[in-house]
Amino acid sequence: IYQVYINDPDNGILVFDNIANYLQTLPLKNLEYFQVQEDLLSYQKDHSFRRFDLRSLLTYTIKIPEAGKKAQQIRIQDKHLYFSDKSGLWVFEKQP
């Protein structure tokens, strides 16, 4: 099933199904960016990178290198973390 995620920083992330029926609001407020991969929603908050499990509704933190803590945006793909800001892009291997 396909789902659409809309960020409303004041209320959380609104989730809709593929025909625009409202499903739920995830309690993740004040986010600038987020990324959804399979059952995980990833986001940056308070200089850390977090993943929210869409099935269990649990959040856990991924350790990031010190250099990435001030990045404006963080993305994850396979075993790599991508950090970016106005000055460039950095790629690190994700630690277990």
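Look a little higher up for the structure.
Let me sum up the structure you'll find in this document. (Residues numbered from 1 in each chain as written. Predicted model: local features only at pLDDT ≥ 70, side-chain atom pairs only at ≥ 80, totals over all residues. Heavy atoms only, no water.)

Right, let's get into the pairing of strand 8 (residues 73-77). Here strand 8 shows a clear split, with Ile 74 and Ile 76 buried on one side and none of Gln 73, Arg 75 and Gln 77 buried on the other. Summarising the sheet, strand 8 and strand 9 (residues 80-85) pair through five bridges and their orientation is antiparallel. Bridging across to strand 9, Arg 75 finds its partner in Tyr 82. (Buried < 20%, exposed > 50% of the residue type's maximum accessible area, 1.4 Å probe, protein only. Helix = DSSP H or I, 4+ residues; strand = E, 2+ residues; numbered from the N terminus. Pairing = 2+ DSSP bridges.)

So, on to the pattern of salt bridges. Considering all chains together, one arrives at two salt bridges under this definition. Notably, a salt bridge pairs Arg 55 with Asp 39, separated by 2.6 Å at the nearest N-O pair. Placement of Arg 55 in the loop between strand 6 (48-53) and strand 7 (59-62) and of Asp 39 in the loop between strand 4 (34-37) and strand 5 (40-45) is noted, with a sequence separation of 16 residues between them. Since its relative accessible area comes to 69%, Arg 55 is described here as exposed. (Salt bridge = Lys/Arg side-chain N within 4 Å of Asp/Glu carboxyl O.)

Now for the side chain of Ser 42. Structurally, Ser 42 is set in strand 5. Beyond its immediate sequence surroundings of up to four residues, Ser 42 is in contact with Phe 34, Gln 35, Phe 49, Arg 50, Arg 51 and Ile 76. (Contact = heavy atoms within 4.5 Å.)

Sheets are built from strands paired through backbone hydrogen bonds, the pairs being either parallel or antiparallel. Read across the open sheet, the three strands follow the order 1-2-3; overall the sheet is antiparallel. Among the strands making up the open sheet, the edge pair consists of strand 1 (3-8) and strand 3 (22-26). Geometrically, the sheet is characterised by an average inter-axis angle of 20 degrees between neighbouring strands, direction not taken into account. Inspection of the sheet shows strand 1 paired to strand 2 (residues 12-17) by six bridges, in the antiparallel sense. (Axes fitted to C-alpha atoms, helices over the stretch in contact; angles between N-to-C directions.)

Before going further, it helps to spend a moment on the layout of surface pockets. Each pocket or cavity is described by its volume, and for the largest pocket that value is around 280 Å³. Glu 32, Gln 44, Lys 45, Ala 71 and Gln 72 are, among the 20 residues lining the largest pocket, the residues nearest its centre. When residues of the lining of the largest pocket are traced back to their parent elements, those giving at least two are strand 4, strand 5 and strand 8. Sort the elements by how many residues they give to the lining of the largest pocket and strand 5 lands first, with four residues. When grouped by side-chain class, the residues that make up the lining of the largest pocket number seven nonpolar, seven polar and six charged. (1 Å grid on protein atoms, 1.4 Å probe; cavity = no way out; pocket = protein on both sides within 12 Å on 5 of 7 lines; lining within 4 Å. Points joined across faces, edges and corners; volume = space filled by probe spheres on them. Nonpolar A, V, L, I, M, F, W, Y, C, P; charged D, E, K, R; others polar.)

Following the sequence through the fold, Asn 21 ends up in the loop between strand 2 and strand 3. On the accessibility criterion, Asn 21 (39% relative accessible area) is partly exposed. Residue contacts for Asn 21: discarding those within four places in its chain leaves Val 15 and Phe 16.

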